Structure formats: structure tokens, C-alpha cells
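Tertiary structure, described
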Amino acid sequence: MSTASEAKANIGVVGLAVMGSNLARNLASREGNKVAVYNRTWSRTEEVVEAHPEAGFIAAKTIEEFAQSLSTPRTAIIMVKAGKATDAVIDQLVEVFEPGDIIVDGGNALFTDTIRREKAVRETGINFVGAGISGGEEGALNGPSIMPGGSEEAWHTLGPILKSIAAVAEGEPCVTHVGTDGAGHFVKMIHNGIEYADMQLIAEAYDLLRKAAGMTPAEIAGVFEEWNKGELESYLIEITAEVLRQVDAATGKPFIDIVLDQAGSKGTGVWTVQTSLDLGVPVSGIAEAVFARSLSAHPRQRAAASDLPGPSAPPAVSSSDRDAFIEDVRQALYASKIIAYSQGFDAIIAGAEEYGWDIKKGDIAKIWRAGCIIRAQFLNRIAESYAEHPDLEVLVAAPYFAEAVSRTQEAWRRVVIHAVAAGVPTPAFSSSLAYYDGLRAERLPAALVQGQRDFFGAHTYKRVDRDGTFHTLWSGDRSEVEETGSH
Ligand SMILES: NC(=O)c1ccc[n+]([C@@H]2O[C@H](COP(=O)([O-])OP(=O)(O)OC[C@H]3O[C@@H](n4cnc5c(N)ncnc54)[C@H](OP(=O)(O)O)[C@@H]3O)[C@@H](O)[C@H]2O)c1
């Protein structure tokens, strides 16, 4: 074990639980890096350093020793429990770091916390970078997708280090300077929101194949393996096949049937929906995915409702229709997935506008191509769409995706109709289709909502045929008056 007095490290990691220790090992494995490590509890540091002598870590017992072990400008990545622990470690580092040094928070922080922390740390002359890191423990070790925010100055030092450890997609490292202050954590949050939607859509496809088409988990695993060879190719489809193939050693049953059907979450999906509500962006696919997890996690309500009736004559998928049904579900999944990404990018566009970030949408799609949970073939198509049409109003209208939904929308409708008739819940498939139909509608019933609002609350409305703001005197003679400025 090296000690702080022997050598200087160019990068340090604070927090050596699974993510921090793997990230530190990843950093140490790259040419030119010397890594200092510090953890609140020294015994954990000892464990990590002893288990990985090849990494040549410089182990620090105290935060002061940690700072001394780093060459300047000092650069440290914090990988501790998001929340109060992050603030505690930042406070400690600010005490021992100097102006020009860089503190990176690689945890799953809420982007508004990152904005607050960046502002506070910047006042000391120290750089603060909130960096979203995706890919779980495996990604941290072998190459994650990294979404750093913070200043250009910090990126100058940090960029080469992060590029050295990031996943690589088609020769390009999956890291880019997303934007200033909280931009990186914002984009990571949206990434996680899209991940929720993607997982829920896949789960709905599975449920339909199981309940409506009567297929076994092993058969469905085969379907997902096939799908992974085409336009749905992605990490989540790949692991879905593996999960469905798994057999429980204790019972011999399919693994999927012995897992309690109550989904957990760590909050980033909720943040995405809350933030999007504030921004006025309809991320309905993501919201339905979050709600579906919530519904699953209410066992007493579910038990109380379990005798409520379903359809009296649910449609059956005959064996001769099965292949066509599977293909319809595949197309419905693809179309709904396009909507989930389109909505996620809408949230990024709105967030960038609200917080003044210059986020390059195509670059975001590119850094999600490898290392992260939503890595997928079709992110290349998103990057190309934004490269060809930088001012694209909405991703689903880009020529590539417009063609894809045109091709798949009939199947999508058949699947949603079938699901409703069969009583199989498909909230993400259905809401994505409703969003699609709402988006493409020439006229929306929002006109009626405006009429109602004006009726009961004098909220006024605009007319289709001339400028101005109007109110109808509903409780008077029902003539129309033009508002003059005060509303
Ligand atoms: N797990 C994942 O797949 C994943 C993926 C992406 C991002 N992340 C994010 O990465 C970060 C680290 O995740 P993790 O799962 O490796 O660890 P974690 O369980 O979230 O946190 C444990 C680490 O935090 C330290 N810690 C807790 N409270 C502290 C305090 N008050 N002061 C100083 N240190 C404190 C612990 O030190 P002690 O040993 O002293 O207790 C330990 O090193 C989190 O923000 C997480 O959200 C995780």
C-alpha cells in the first residue's frame, strides 16, 4: 500500500462502496493515472486497497492526507450516498482544497442540489462539477457513460481523465461536457426517466405475450433474443431475455415466477416526472412507468381489488395468429419507445431553456450509446436526426422516426385494443399512443377546456381568427368582451 507521502496522484476518489471502489479501479487501470482513495471508514479503504494491489492506490486515512496526496490542480470524485453525505464531504474537501482545484460529485444528486452546491463552492474559487454516471457497478468498473456539468475550466482538466475511463461507442468516448452547473445531473436524471419508461414498456410486452398469447417465460426469452437482432437491439432487451431464461434453483420454476411483483425505485424516475411537470413537458410514458411501479408496490390495495371483474370474453390469440401477434407487440414496443425518448429529449430541451444550458442533443444521444443502462442501437438514429435537423421541434417528427411510427402505428393500435379487450394493463403503451394521437391532432379538445375555464373562472381565451384575449359574459348576456391588459 502506498501512503500519501510517497507519491502524488492526479485523481482521487472519496467514497469506496461499490460504485466508488469500481470507479477508482477503472481510473487506476488507465495509462497515466495515479489514484488516491479516501473513505470515511478506514477499514473499508484498507479492504479495497488490499483486495486490489494492482491498482497501486494511494490510501489516505484523513481528508487532509487525501488532499496532500493529490497533485494540483487537485481533482477528486465523490462517490458517496447522495444527499447529506455529499454535502458533508464537500464541506470537508472545501476546507483542504485550494482555488483552482476540482470537486466532482459523481453520485446521483438532484440537479437543483448540484446548482446550489456549484454556486456555493464556486465562491471559494474551487470548481464544482456535478457528473451523472450511468452503468451501475459494472459500468463504473469497465466504462460508464458520464454526463458532467460544471465550468469549461474544470472540463479542461477533467475531460481527458473522464474520457480515459468512459465507455467507448464506435471509437468515441461516452462523455461530453453537457453544460454548466447542474446540466450533467439533469441529463442523468432524464436518462433514468427514459430507463423507467423503457423497462416498463418491455415489461408490458412480456405481460402481453404471457397473458394474452399464453407463452412461457422461456418462449418469451426466445422472442426477446430475436428482437435483439433488429431495430430494438439494446442492453435492456438483452438482459430481459436472460432474466426470462433464468430458472430458480430452489424450485425449478421460472425465476420470474418466484420474484415478488412489487417494483422498487430510488427516486430518479419521480424526479424526472416532478421536474417535467414543473417545466410543463408531458413525459407521459415515464410518468406511467413510475405510477406502474407505485401500483405494484401497494399489495393491500391490490388484494382488496383482486375480485373485481375483468372482461367477460377476453380475446384469445390462436396458435396460428401467434407470430403475427408477436410482431405486432414488437412494433408497438418500438413505437412506444420512440415516444419515450422523444418525450425525454423534450424535457432536456425545456430544461436547457429554463436553466440556460447549451445542451447538444445529438451529443447526449451519442454518449448514451454505450456504458449506460439505456444503451441501444437506435441512439445512433437520434444523434443523426439532431445532426441533420438541429432545430427539430420534436424527435418523433424527424424523418427517420416519422417513418418508423408510420410503419408501426397500425400494429400499435391493434396491440392496445387487444390489451384493453383482454384486460391486460398496458399503461405505457396506451399513454404513448394517446400522446402520439394528441400530438398529431389538428384540433384538440383543449378548446373546450378553455371554454370551461372561461365559464367558471373568467380565465379568458384566445380566438383562432384574430389576435387578442377574450372573455364571454357567461352569467350576463353572453356577449364577448376583449380583455385589455390586466390579465
Ligand atoms: N449503485 C449503482 O448502481 C449506482 C449507479 C449510479 C450512481 N450511483 C450513485 O453513486 C453513489 C455511490 O453509490 P454506492 O452504491 O457505491 O454507495 P452508497 O451505498 O450510496 O454510499 C455508501 C458510501 O457513502 C459513504 N458515506 C455515507 N455517509 C457518509 C457521510 N456522512 N460522510 C462521508 N461518507 C459517507 C460511505 O462511507 P462509509 O463506508 O464510511 O459508510 C460509503 O463510502 C450514490 O450517490 C449513488 O446514488 C450508484
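Every value quoted in this text rests on a predicted model; they were computed, and no experiment measured them.

Looking now at the packing of aromatic side chains. Inspection of every chain in the model, using the stated rule, returns 16 aromatic pairs. Seen from their ring centres, Tyr-400 and Phe-401 are 5.1 Å apart, and the 85° between their planes marks the pair as edge-to-face. Overall, the relative accessible area of 32% leaves Tyr-400 in the partly exposed class. The class of Phe-401 is buried, set by a relative accessible area of 0%. An angle of 40° between the planes, with centres 5.1 Å apart, marks the rings of Phe-455 and Trp-474 as tilted. Residue Phe-455 is found in helix H20 (residues 446-457), and its partner Trp-474 is found in the loop between strand E11 (470-472) and strand E12 (480-482); the two are separated by 19 residues along the sequence. The partly exposed category is assigned to Phe-455, whose relative accessible area is 47%. Given a relative accessible area of 24%, Trp-474 falls into the partly exposed group. Chaining the aromatic ring pairs together yields one cluster made of Tyr-334, Tyr-341, Phe-378, Tyr-400 and Phe-401. The ring of Phe-378 has Lys-337 lying over it, and the distance from NZ or CZ to the ring centre is 5.1 Å. The ring of Phe-470 carries Arg-463 above its face, with NZ or CZ at 6.0 Å from the centroid.

Once that is clear, we can look at the site of the ligand. With respect to spatial proximity, 18 residues lie near the ligand, and among them Met-19, Asn-39, Arg-40, Thr-41 and Val-80 are the closest. Leu-16 has a polar backbone atom sitting 3.3 Å from an oxygen atom of the ligand. Taking Arg-40, its side chain carries an N or O atom lying 2.9 Å from an oxygen atom of the ligand. When the free accessible area of the ligand is taken as 900 Å², the share hidden by the protein chains comes to 74%. Put simply, the parts of the chain that give the shell around the ligand at least two residues each are helix H1 (18-28) and helix H4 (84-96). Partitioning the shell around the ligand into residue classes produces ten nonpolar, six polar and two charged.

The rules we used
Residues numbered from 1 in each chain as written. Predicted model: local features only at pLDDT ≥ 70, side-chain atom pairs only at ≥ 80, totals over all residues. Heavy atoms only, no water. Phe/Tyr/Trp six-rings, centres within 6.5 Å; stacked < 30°, edge-to-face > 60°. Buried < 20%, exposed > 50% of the residue type's maximum accessible area, 1.4 Å probe, protein only. Helix = DSSP H or I, 4+ residues; strand = E, 2+ residues; numbered from the N terminus. Lys NZ or Arg CZ within 6 Å of the ring centre and 35° of its normal. Near = heavy atom within 4 Å. Polar contact = N/O pair within 3.5 Å; in protein donor to acceptor, adjacent residues only side chain to side chain. Areas by Shrake-Rupley, 256 points an atom, 1.4 Å probe, with all protein chains shown as cover. Nonpolar A, V, L, I, M, F, W, Y, C, P; charged D, E, K, R; others polar.

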